[in-house]
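Letter by letter, the chains look like this.
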Amino acid sequence: MKNNPNQKNSLKHVLFGSLIGTTIEFFDFYIYANAAVLVFPQLFFPGSDATMATLESLATFSIAFLSRPLGSAFFGHYGDKIGRKFTLVAALLTMGISTVTIGFLPGYASIGVAAPLLLMLCRFGQGVGLGGEWGGAVLLAIENAPPHKRAWYGMFPQLGAPIGLLLSGGTFLVLTDSMSNEDFMNYGWRIPFIASSLLVIVGFYIRTKISETPSFENSKNAHEEVKVPFLTLVKSYKNQLIFGTLGAVTTFLVFYLMTVFTLSWVTSDLGYVKRDALLIQLFSVLFFALFIPISALVADKIGRRKILIYTTIAIAAFGFFFSLFLNSGSPFLVTAFVCIGMSLMGFTYGPLGTFLSELFPTTVRYSGASLTFNLAGILGAAFAPMIAIWLASTYGLNYVGFYLTIAAIISLVSFLVISKKVHQF
């Protein structure tokens, strides 16, 4: 691939710079997800029964999704006003500091109710950081991309999600394999949180070497910037903001049903040991990673909107197979179920960043893409694991599948009615 002739950044710096940041951010984000299922119920919520402790732990997990739009609005404002580079560095540091701090938190036995409160505060910080990181990383890639390869460039930051998940799941797998359960619960779980500081230092160094994107500089030189990007979004781009958010909901829901919900369900209700559950999850992530670049190649040929529509229809159909697979009693069918779900996730996630970014002009693109993505996170993921556990426990696994199918229908309608105009880069 040749560089876009208008870009100052080398292809290597653009793609690696966007990928490394999202990998770090998602690694930080997912080690919390694993710990929220495997560690935090016992460490921070020991007074409850097992199910209630898990639900309370997952409630702290949801806090980051509520704070992500705040990060989108804050970092998006400055990303659209002063530039992508500075904002990306600040978002990375916000996420990194919050994550490392979790590794040093005392448990409930040491400081009582202050322990879960501090955990919630750190989780809030993680959400703010990721809310500002994702949109900037996607724009770094696609605003340096040639028009006919925009989805291909835009999938590199998306690859940070499966890579971060592989690193986080692999880390927990190695720790649980090499330590006794007592040592793991006492201090072993803290290692990935503290070690993430090394990744943040690498990401910080790379981000400081990257120049502003050509799209932002052209917009700035033409004096096109708006005073308050958020207000411009609400006033002039309501269609894109609302239907972009609803369109992205299913992407979040299918992912967290395949990861957090499935990990919790198979270990607590199906009797799988933690190691086997983590191995199934890690294997399925390979399918997630594989189909992200495949979906990007297809999206550059047939269009981002079309592939999202086709994949959403497939996800709606997939929802009807929840109980059939998970209640089968077969490790093979359970593994196949998660792998199919993660393959669909790769197909919808790969072109999503490019699609959302193309809905908005340069002057509000950072804010617009970030807000649609992270508002969808609230609707599709913030409480999804808790809702799914409640549905499965109260009505059965079929209703978890119906939950996914209904969400997919809402997303499908949104993709059909959203504005088709693609703004200039």
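Cut-offs and rules
- All residue numbers refer to positions counted from 1 along the written sequence of the respective chain.
- Local features are withheld for residues below a pLDDT of 70 in this predicted model, meaning they are given only at 70 or higher, and side-chain atom pairs are given and counted only at 80 or more; totals for whole chains, interfaces and linings count all residues.
- Each side-chain value is derived from all of the structure's non-hydrogen atoms; neither hydrogens nor water enter the calculation.
- For helices the rule is a DSSP run of H or I covering at least 4 residues; for strands it is a run of E covering at least 2, with both sets numbered from the N terminus onward.
- We call two residues in contact when some of their heavy atoms are within 4.5 Å.
- Lines fitted to the C-alpha atoms define the axes, with helices restricted to the stretch that makes contact. Angles between their N-to-C directions range from 0 to 180 degrees.
- What sets the label is the angle itself: under 35 degrees gives roughly parallel, over 145 gives roughly antiparallel, 65 to 115 gives roughly perpendicular, and the rest give oblique.
- Crossing handedness follows the turn of the near helix against the far one: under a right angle anticlockwise gives a left-handed crossing, and clockwise gives a right-handed one.
- As a working rule, the residues Ala, Val, Leu, Ile, Met, Phe, Trp, Tyr, Cys and Pro are called nonpolar, Asp, Glu, Lys and Arg charged, and the rest polar, with Gly in that last group.
- Any Lys or Arg side-chain nitrogen located within 4 Å of an Asp or Glu carboxyl oxygen qualifies as a salt bridge.
- Burial status follows relative accessibility: with a 1.4 Å probe on protein chains alone, a residue under 20% of its type maximum counts as buried, one over 50% as exposed, and anything between as partly exposed.

**Student:** Residues and numbers for the side chain of Ser264, please.
**Tutor:** Mapping Ser264 onto the fold places it in helix α12 (residues 238-268). Those residues in contact with Ser264, other than ones at most four positions away along the chain, are Val37, Thr54, Asp269 and Ile389.

**Student:** Give me the lowdown on the packing of helix α4 (residues 84-102) against helix α6 (residues 114-142), citing residues and values where you can.
**Tutor:** In the contact formed by α4 and α6, the axes pass within 8 Å of each other and the chain directions differ by 150 degrees. What the angle tells us is that α4 and α6 run roughly antiparallel. For the pair α4 and α6, the crossing hand works out as left-handed. Its residues assigned to classes, the contact of α4 with α6 shows 12 nonpolar, nine polar and two charged.

**Student:** Go over the pattern of salt bridges, please, and point to the residues and values.
**Tutor:** Scanning all chains against the criterion turns up seven salt bridges. With a shortest N-O distance of 2.8 Å, Arg275 and Asp177 are connected by a salt bridge. With Arg275 in helix α13 (residues 274-302) and Asp177 in helix α7 (residues 150-178), the pair connects residues that are 98 residues apart, well separated along the chain. Overall, the relative accessible area of 42% leaves Asp177 in the partly exposed class. Between Asp300 and Arg304 there is a salt bridge whose closest N-O contact spans 3.0 Å. Asp300 gets classed as partly exposed once you look at its relative accessible area, which sits at 22%. Where salt bridges share partners, they join Asp80, Arg84, Glu143 and Arg365 into one cluster.

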